[in-house]
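# Structural features, examined
Below are the chains, spelled out letter by letter.
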Amino acid sequence: MIISMKPRATRQEIEQVFQRIEEFGYKVHSIEGEERVVIGVVGVGDVTACLESVEAMPQVEKAVRISAPYKFVSREFRPNKSQITVDGVEIGGDEFVVMAGPCSVENEKQIMHAAEEVARAGAKLLRGGAFKPRTSPYDFQGLELEGLKLLARAREATGLGIVTEVMSDRDVDLIAEYADLLQVGARNMQNFALLKSLGPCGKPVLLKRGLSSTIKELLMSAEYVVAHGNPNVILCERGIRTFETATRNTCDLAGVAALNELTHLPVIVDPSHATGKRSLVPAVSRAAVAIGADGLIGEAHPCPEKAVSDGAQSLDLRQFAGMMRDLQPWIRLWKEMRVTETAAAV
Ligand code: PEP
Ligand code: MN
């Protein structure tokens, strides 16, 4: 069950609702928004009796029964899609948002060049890893703080907001100082200590689907971040591991459509990690537009053959600009579809 308090509810009235819920044997999880407090109720008990009792209390606006185990992120909780603003760029609204940049930040020249060119091609946010999760301990691990500083310089030069990965709860404060959107990588999707620590971080979160995670597990991980106080979560389909070897991962595009039914959170697609091959990136990007994703996050590098990580799946900057051009007719259709959907939802 989810209870939404009226905007003017006092602390005492909210506490009284907590108390009533606890009398019914349930536990409470509240999220304190800028405007109002929303209370999630979990546990086993007499739902109907609790719902009717709470609904009658002063300053309770609405109480609704939610059957999904992920409450705050479910469509039942919020029937219309959420818009999440990252450094002035709205995701989940009526613009298809592209985030792009190299897999890793390597040096000043590389990140500056990439930032300028992806911005010119129409990307709205710059990606680049400073802390890198690598399968081998002998591979490049990222420039860490130096990489964050280079991203800050690229941000200053181009005005693009920054998306970069946070791998550990220990680094959240540091990364939140530099990033506009904190990426949780596929390998950390179920790092619960990290997810909890993103609750109070004050920045939106990009949560990538784990290599072997179900849609339900992805939504439960998003629920962790929201239940700990941060409602600004964007989901990312980046391919899952299957028996297929022709692509690095298997892009679960149907999963994007399924997510759009199950959650109000915005969903984007990463065609680079999903395929592992630059030749496949434009086609998968088109498909992401068509299936109703809210945007893309893709890898683009000034010189992919010299990239320290993920060169094979990175577009060069000219190829990235070409892909952005070729996507425009599809994005126009996407916008028409979005306007119709929004009108139907109102
Ligand atoms: C990345 O974005 O470079 C990355 C490591 O992504 P993922 O966690 O999806 O593998
Ligand atoms: Mn990468």
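Before reading further, recall that the structure is shown in the block above.
Criteria and thresholds
Residues numbered from 1 in each chain as written. Chains lettered and ligands numbered in written order. Predicted model: local features only at pLDDT ≥ 70, side-chain atom pairs only at ≥ 80, totals over all residues. Heavy atoms only, no water. Salt bridge = Lys/Arg side-chain N within 4 Å of Asp/Glu carboxyl O. Helix = DSSP H or I, 4+ residues; strand = E, 2+ residues; numbered from the N terminus. Buried < 20%, exposed > 50% of the residue type's maximum accessible area, 1.4 Å probe, protein only. Donors = N, O, S within 2.8 Å, 3.2 Å for Na, K, Ca; no water. Near = heavy atom within 4 Å. Polar contact = N/O pair within 3.5 Å; in protein donor to acceptor, adjacent residues only side chain to side chain. Areas by Shrake-Rupley, 256 points an atom, 1.4 Å probe, with all protein chains shown as cover. Nonpolar A, V, L, I, M, F, W, Y, C, P; charged D, E, K, R; others polar. Expected span 1.5 Å × (residues − 1). Contact = heavy atoms within 4.5 Å.

## Focus: the pattern of salt bridges
Taken as a whole and judged by the stated rule, the model has 18 salt bridges. Note that arginine 155 is salt-bridged to aspartate 87, the shortest N-O span being 3.1 Å. One end of the pair, arginine 155, is in helix α4 (residues 145-158); the other, aspartate 87, is in the loop between β5 (84-86) and β6 (89-91), with 68 residues separating them in the sequence. For arginine 155, a relative accessible area of 29% puts it in the partly exposed group.

## With respect to the coordination of the manganese ion (ligand 2)
For the manganese ion (ligand 2), the protein coordination sphere consists of Cys103 (SG), His273 (NE2), Glu299 (OE) and Asp310 (OD), at 2.0 to 2.4 Å. Considered as a linear motif, the donors of the manganese ion (ligand 2) on their single chain read C-x169-H-x25-E-x10-D. Taken together, the residues cysteine 103 in the loop between β7 (97-101) and α3 (108-121) and glutamate 299 in strand β14 (residues 295-301) connect sequence positions 196 residues apart. Overall, cysteine 103 belongs to the buried group, its relative accessible area being 2%. When its relative accessible area of 2% is taken as the criterion, glutamate 299 is described as buried.

## Details of the site of ligand 1
Taken together, 13 residues surround ligand 1, and among them Arg127, Ala186, Arg187, Lys208 and Arg238 come closest. Within the side chain of lysine 208, an N or O atom sits 2.9 Å from an oxygen atom of ligand 1. At 3.4 Å from an oxygen atom of ligand 1 is found a side-chain nitrogen or oxygen belonging to glutamate 299. The protein chains hide 97% of the 290 Å² of surface that ligand 1 would expose on its own. In terms of residue class, the shell around ligand 1 is built from 3 nonpolar, 3 polar and 7 charged.

## Structural notes on helix α7 (residues 215-227)
Taking 1.5 Å per residue as the helical rise, α7 with its 13 residues ought to reach 18 Å, and the 18 Å between its terminal C-alpha atoms agrees with that figure. Turning to α7, its buried residues are Ile215, Leu218, Leu219, Ser221, Ala222, Glu223, Val225, Val226 and Ala227. Residues of α7 that are buried make contact with β2 (27-32), α6 (192-197), β11 (205-208), β12 (233-237) and α8 (253-262). Following α7 by one or two positions, glycine 229 adopts a phi angle in the positive range, close to 110 degrees.

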